[in-house]
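Overview (structure and organization)
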Amino acid sequence: MPSRKQRRRRQKDRRHEYEYVYVDDEGHELEAPPEPERPGRRDRATKNGKEAKGGQKRGDRPAREYRPPSWNRALKRSLLFLPLFFIVFSLVNKHAAISSRVIASLGYSVLFIPLTYVMDRTAYRSYLRRSGQDPGGKRR
């Protein structure tokens, strides 16, 4: 008895390699006749019979606009993650004093600030390169 994997592969082969063979009266294979176009078929770029917005296809959406990195935004993100860090340290170190959990959370939040700034800067520079703008050179 074939294994489950073998059965799935066999079913996949049947699904994807199915083709019609046309044979004449003498047993010779013939090429398939051309398929007539079906009326009422919608174009993939249309939705419900209406044109897509801006003439764009479904997968052609505009690239995300990245804002330049800022230390202020990195600080705000760090403040948002401070309670999360505290909750994680509380779950991991249940028997530790609350003051040590708060200090550890503050330490990780402070380290989180430059990390998020560098990630924002990297994303912004790659956005500039993709869009064809000058990302600016390194400072000396």
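Described below are features of the structure shown in this document. (Residues numbered from 1 in each chain as written. Predicted model: local features only at pLDDT ≥ 70, side-chain atom pairs only at ≥ 80, totals over all residues. Heavy atoms only, no water.)

So, on to the side chain of Arg73. Examined against the element boundaries, Arg73 turns out to sit in helix α2 (residues 71-92). The contact partners of Arg73, leaving out residues within four places of it in the chain, are Arg67, Pro68 and Asp120. (Helix = DSSP H or I, 4+ residues; strand = E, 2+ residues; numbered from the N terminus. Contact = heavy atoms within 4.5 Å.)

Relative to the helices and strands, Val118 resides in helix α3 (residues 98-131). The spacing of Val118 and Pro69 is 49 residues in sequence and 8.2 Å in space, taken between C-alpha atoms.

Now for the layout of surface pockets. The volume enclosed by the second largest pocket comes to roughly 160 Å³. Residue lining of the second largest pocket: Arg64, Glu65, Tyr66, Arg67, Arg73, Arg77, Asp120 and Ala123, and that is the complete set. Every element with two or more residues in the lining of the second largest pocket is listed here: α2 and α3. Taken together, the residues of the lining of the second largest pocket break down into two nonpolar, no polar and six charged. (1 Å grid on protein atoms, 1.4 Å probe; cavity = no way out; pocket = protein on both sides within 12 Å on 5 of 7 lines; lining within 4 Å. Points joined across faces, edges and corners; volume = space filled by probe spheres on them. Nonpolar A, V, L, I, M, F, W, Y, C, P; charged D, E, K, R; others polar.)

This part takes up the packing of aromatic side chains. Here the structure, examined in full by the defined rule, presents seven aromatic pairs. Ring geometry for Phe85 against Phe112: centres 5.7 Å apart, planes inclined by 80°, an arrangement best described as edge-to-face. Residue Phe85 is found in helix α2, and its partner Phe112 is found in helix α3; the two are separated by 27 residues along the sequence. The structure contains a cluster of three or more aromatic residues connected by ring pairs, namely Phe81, Phe85, Phe89, Tyr108 and Phe112. (Phe/Tyr/Trp six-rings, centres within 6.5 Å; stacked < 30°, edge-to-face > 60°.)

Position of Leu111 relative to the elements: it lies in helix α3. On a C-alpha basis, the gap between Leu111 and Ser78 in space is 8.7 Å, while along the polypeptide they are 33 residues apart.

A few words on the environment of Ser126. Inspection of the secondary structure puts Ser126 in helix α3. With a relative accessible area of 23%, Ser126 lands in the partly exposed category. Linking Ser126 and Tyr66, residues 60 residues apart in sequence, is a C-alpha distance of 9.7 Å. (Buried < 20%, exposed > 50% of the residue type's maximum accessible area, 1.4 Å probe, protein only.)

Turning our eyes to something else, we now look at α3. Along an α-helix, a turn takes 3.6 residues, which lines up residues three or four apart on a common side. In this model, α3 (34 residues) spans 48 Å end to end at C-alpha, consistent with the 50 Å of a helix rising 1.5 Å per residue. Most pronounced at Phe112, the bend in α3 amounts to some 25°, and the proline Pro114 follows within four residues. Three or more residues of α3 are buried, namely Arg101, Ser105, Ser109, Phe112, Ile113, Thr116, Tyr117, Asp120, Tyr124, Tyr127 and Leu128. Of the surrounding secondary structure, the elements contacted by the buried residues of α3 are α2. With its phi angle positive at about 90°, Gly132 sits one or two positions after the end of α3. (Expected span 1.5 Å × (residues − 1). Bend = angle between axes of the 7 residues up to and from the residue.)

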